[in-house]
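What follows is each chain in one-letter form.
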Amino acid sequence: MALTLDACTLILKEHHLLKSVALNGDPTLNMTGIAYDSRQVTADTLFFCKGNFRPVYLTDAKELGAVTYVAEKALVEGNGMNALIVTNVQKAMAVLSAAFYDYPQDSLFIVAYTGTKGKTTAAYFTQSILQAATRQKTALFSTIDRVLGPKPVDRFKSDLTTPESLDLFRDMRKAVENGMTHLVMEVSSQAYKKNRVYGLTFDVGFFLNISPDHVGPNEHPSFEDYLHCKLQLLVNSRHCVINAQTQYFTDVYAAATATTDAKSIYLFAEADYQSDQPVTIDFRFENLETGLAESRFKITAASTKAIQLGLSGSYQLRLIGDFNESNATAAVIGAGLAGADLTRAQQGIRDLQIPGRMETLAVPGHGQVYVDYAHNYASMKALLSFLQKEYKQPRLLVVVGSPGDKGVSRRAGFSQVLNEYADRAILTTDDPGFEDPAAIASEILAGIDQQKVVTTVEIDRAAAIEQAIVESKPGEIVVLAAKGADAYQKVRGVDTPYPTDMVIAKQVAARLAN
Ligand SMILES: CC(=O)N[C@H]1[C@@H](OP(=O)(O)OP(=O)(O)OC[C@H]2O[C@@H](n3ccc(=O)[nH]c3=O)[C@H](O)[C@@H]2O)O[C@H](CO)[C@@H](O)[C@@H]1O[C@H](C)C(=O)N[C@@H](C)C(=O)N[C@H](CCC(=O)O)C(=O)O
Ligand SMILES: Nc1ncnc2c1ncn2[C@@H]1O[C@H](COP(=O)(O)OP(=O)(O)OP(=O)(O)O)[C@@H](O)[C@H]1O
């Protein structure tokens, strides 16, 4: 992989991003490296100065062999290098990375998900179906992990839901080199805010839902900005699939129709949902039966274009939860548009389990434990209302904490949802970052009606889990919420190892059994 300065100049001009060029050497020299982090620089590298960049990083990059830098203003530390001064460095990084890695997206059928909740679940379901349909040639870029091929070395933990553009195109190229033909990925609102997917057109783009979240100093300035960023996925997709029950449906549908013909837009909803908009629902889904270990539901194609995909039928899931039937319906449609048939779809979702989503453990003599990644009002409501319904109003004990440095609105959301559904809450630590976890817990506590929800604070998460399980009685439900399968606590910029909620729950269960 390589790129010349001449090529960079041309591409940046084409995209109207170039402000000025300072030349220091041969413009036809091939740059064989590309990086936005000085610690990754090798000889003849094209280097991007982005984000909370410190000029000393450019000095480091130059020493290590960077020959050209891209920035929004000229930097004296770059004297002696080629300089490409651009109007937007994130956009420049996206278009130049795509070119450097020779447009790997052209060799992949890409299914992309956005939504406040359900992206990871739907992406996992879709990849599972497509792996069978494509003979193991489907890559996955998810919040949990990135899968670029069949070997263990091609699977690793993700740091971001949607990677920086440079990493995205690099990993797409690796996936193509590994023989992948399809890619399922999550697209966060930050990805659009920070131009990580700038210039990409997706084959299928999904809008699952939207609820208040991700508004704060390090994320979106307002809900409107959050919604706007999410809508961009539909504007940039060849086929759009929309949950007709999403909030802001009118805006969402308008974003899809802005660039996509109605015949390439698919809507799905529950069987009895009546839209107040003049639209046709293409797919309907309906629960048939829910047990503690699995659920059965039915998908029915309800329009001519939907019938053509041949996906109507009954499906089983081990990942219970009515919200997961919605996620699975989305995945079946996505996989169908990518070429999968009914049998592959049924098989692909049936046995799938996803780390930290609806993991369950029976503790003899005590309650049933659920570990789930629900970490805002909407997802906790979906989870707790489902458990209340299925277990017929059990006593609900919830262990939960809220992160520091981001998602501040989640704290009030937790107070509200606990007031609405829980009988007992133990507030604890969850990725406090640079904040004091006790102060975060106090904020949640302040909004709780303690006449209704008996609430205590235990900052040590393992101790909080132990308390809840020991206290629970048979027939009661213990929910260990918001951390999923995270094996760390983010504390003051350091990922501090943490055994995971389920490991701790199992340890407690083992102690209680002895
Ligand atoms: C707001 C945002 O998008 N931040 C991301 C961004 O930060 P940044 O560009 O300011 O980078 P930085 O780490 O402050 O450093 C500045 C630059 O100096 C470079 N550097 C740094 C040190 C050094 O020695 N040399 C050097 O060159 C860095 O590589 C970087 O390019 O680029 C970094 C990678 O280069 C990301 O880690 C970081 O994500 C932060 C940590 C983050 O948590 N972002 C969250 C909000 C996020 O994006 N979340 C969404 C999911 C949420 C949603 O659904 O919306 C996601 O997609 O994951
Ligand atoms: N369709 C849905 N509607 C409401 N809540 C959901 C839905 N799907 C999943 N959830 C809840 O949200 C949690 C997170 O689900 P998932 O990881 O699939 O979503 P995500 O969009 O990837 O989330 P995040 O952006 O926070 O990583 C689940 O553990 C579950 O409690």
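Residues numbered from 1 in each chain as written. Chains lettered and ligands numbered in written order. Predicted model: local features only at pLDDT ≥ 70, side-chain atom pairs only at ≥ 80, totals over all residues. Heavy atoms only, no water.

**Concerning the site of ligand 1**
Going by this rule: Put simply, a residue is near a molecule or strand once any heavy atom of it comes within 4 Å of that molecule or strand. Think of a polar contact as two N or O atoms within 3.5 Å of one another; within protein, one of them needs to be a possible hydrogen donor and the other a possible acceptor, and neighboring residues in sequence only count if both atoms come from side chains. All accessible-area figures derive from a Shrake-Rupley calculation using a 1.4 Å probe, and residue coverage is judged against the displayed protein chains alone. For this scheme, ten residues count as nonpolar: Ala, Val, Leu, Ile, Met, Phe, Trp, Tyr, Cys and Pro. Four count as charged, namely Asp, Glu, Lys and Arg, and the remainder, Gly too, count as polar. Marked domain ranges trace back to an automatic or database domain assignment.
Among the 21 residues in the neighbourhood of ligand 1, the closest are listed as Ser38, Lys50, Thr161, Glu164 and Ser188. In the environment of ligand 1, an oxygen atom lies 3.4 Å from a nitrogen or oxygen atom belonging to the side chain of Arg39. Relative to its free-state accessible area of 1,100 Å², ligand 1 is covered by the protein chains to the extent of 74%. Looking at the shell around ligand 1 residue by residue, the class counts come to five nonpolar, ten polar and six charged. Both domains that furnish three or more residues to the shell around ligand 1 are identified here as domain 1 (3–100) and domain 2 (104–283).

**Thoughts on the packing of helix H13 (residues 409–421) against helix H14 (residues 437–446)**
The geometry of a pair of packed helices is captured by two quantities: the angle between their axes and the separation between those axes. Selection criterion: Axis definition: a line fitted to C-alpha atoms, over the contacting stretch in the case of helices. Angles run 0 to 180 degrees between N-to-C directions. The helix and strand labels rest on DSSP assignments: H or I over at least four residues marks a helix, E over at least two residues marks a strand, and numbering proceeds from the N terminus. Oblique is the label for every angle not falling under 35 degrees (roughly parallel), over 145 degrees (roughly antiparallel), or within 65 to 115 degrees (roughly perpendicular). Left-handed is the label given to a crossing in which the near helix is rotated counterclockwise from the far helix by less than a right angle, and right-handed is the label when the rotation is clockwise. Any two residues whose heavy atoms approach within 4.5 Å are treated as being in contact.
Two elements in contact, H13 and H14, have axes separated by 8 Å at closest approach and are oriented at 45°. Between H13 and H14, the angle falls in the class oblique. Pair H13 / H14 crosses with right-handed handedness. Seen from H13, the contacting residues are Arg411, Phe414 and Ser415; seen from H14, they are Ile440, Glu443 and Ile444. Of the residues belonging to the contact of H13 with H14, the class tally is three nonpolar, one polar and two charged.

**What to know about the side chain of Gln131**
Counting through the fold element by element, Gln131 comes out in helix H4 (residues 119–133). At 3.2 Å, the side chain of Gln131 and the backbone nitrogen of Lys137 are in polar contact. Contacts of Gln131, omitting those with residues within four sequence positions, involve Gln136, Lys137 and Thr138.

**A short note on the environment of Pro355**
You can see Pro355 is positioned in the loop between helix H11 (342–350) and strand S19 (359–362). In the structure, Pro355 is positioned 141 residues away from His214 in sequence and 22 Å away in space, judged by C-alpha atoms. Once you skip the residues sitting within four places of it in the chain, Pro355 turns out to touch Tyr124, Ile144 and Ala485.

**Remarks on the sheet that holds strand S4 (residues 33–35)**
Put simply, the rule is: At least two DSSP bridges between two strands are needed for those strands to be called paired.
Taken together, five strands build an open sheet; the order of strands is S2-S7-S6-S5-S4 and the sheet is mixed. Edge positions in the sheet fall to strand S2 (18–22) and S4, since each of these pairs with one other strand and no more. Taking the axes of each pair of neighbouring strands and ignoring which way they run, one obtains an average angle of 15° across the sheet. One ladder, built from three bridges, connects S4 with strand S5 (residues 45–48); its direction is parallel. By the bridge assignment for S5, Ile34 is matched with Leu46.

**A look at the pattern of salt bridges**
This is how it is decided: Here, a salt bridge means any Lys or Arg side-chain nitrogen found within 4 Å of an Asp or Glu carboxyl oxygen. Exposure categories follow from relative accessible area, calculated using a 1.4 Å probe and restricted to protein chains: below 20% of the type maximum is buried, above 50% is exposed, and the middle band is partly exposed.
Under the criterion given, the structure shown has 29 salt bridges. One salt bridge in this structure joins Asp167 and Arg170, with 3.1 Å as the shortest N-O distance. Within this pair, Asp167 and its partner Arg170 are both found in helix H5 (residues 165–177), separated by three residues, close to a single helical turn. Here Asp167 falls in the buried class, since its relative accessible area comes to 12%. As a salt-bridge pair, Asp261 and Lys263 come within 3.9 Å of each other at their nearest N and O atoms. Using a relative accessible area of 60% as the deciding quantity, one classes Lys263 as exposed.

**Let's talk about the domain arrangement of the protein chain**
Just so we agree on the cut-off: Note on definitions: buried area is the accessible-area loss of two parts on being combined, 1.4 Å probe, summed for both.
Each assigned domain of the protein chain is listed with its residue range as follows: domain 1 (3–100), domain 2 (104–283) and domain 3 (359–513). For domain 1 versus domain 2, the separation of C-alpha centres amounts to 29 Å. Counting residues at the interface gives 14 residues for domain 1, matched by ten residues for domain 2. Between domain 1 and domain 2 lies a buried interface of about 1,000 Å² when both sides are counted; carbon and sulfur atoms form 63% of it.

**Section: unusual backbone geometry**
Of note, His16 is a non-glycine position whose phi angle comes to about 55°, a positive value. The residue His16 is located in the loop between helix H1 (5–14) and S2 in this model. According to the relative accessible area criterion, His16 is exposed, its value standing at 69%. Phi at Ala482 is positive, roughly 85°, even though this residue is not glycine. Inspection of the secondary structure assignment puts Ala482 in the loop between strand S24 (477–481) and strand S25 (488–491). Residue classification places Ala482 among the buried residues on the basis of a relative accessible area of 4%.

**Observations concerning the sheet that holds strand S10 (residues 145–147)**
As summarised here, the arrangement of the eleven strands in space is S11-S10-S9-S12-S8-S13-S14-S15-S16-S17-S18, forming an open sheet in which the pairing is mixed. What marks the edges here is a single partner per strand, and that holds for strand S11 (155–157) and strand S18 (313–317). Strand-to-strand, the axes of this sheet are offset by a mean angle of 20°, without reference to chain direction. Bridge analysis of strand S9 (residues 138–141) against S10 gives two bridges, and the strand direction is antiparallel.

**Some words on the side chain of Asn243**
Along the chain, Asn243 turns up in strand S14 (residues 237–243). On the accessibility criterion, Asn243 (9% relative accessible area) is buried. Setting aside anything within four residues of it in sequence, one finds Asn243 in contact with Phe207, Leu208, Phe249, Phe268 and Ser326.

**Some words on the site of ligand 2**
Around ligand 2 lies a shell of 18 residues, among which Lys117, Thr120, Thr121, Arg357 and Asp372 are the nearest. In this structure, Thr116 approaches ligand 2 through a main-chain N or O atom, which is 3.3 Å from an oxygen atom. In this structure, Asp372 approaches ligand 2 through a side-chain N or O atom, which is 2.3 Å from an oxygen atom. When ligand 2 sits alone it has 630 Å² of accessible area, and the protein chains cover 93% of it. Contributions of two or more residues to the shell around ligand 2 are made by H4, helix H10 (322–337) and helix H12 (377–390). Among the elements that take part in the shell around ligand 2, H4 stands out by supplying three residues, more than any other. Grouping the constituent residues of the shell around ligand 2 by class yields four nonpolar, nine polar and five charged. Two domains each put at least three residues into the shell around ligand 2: domain 2 (104–283) and domain 3 (359–513).

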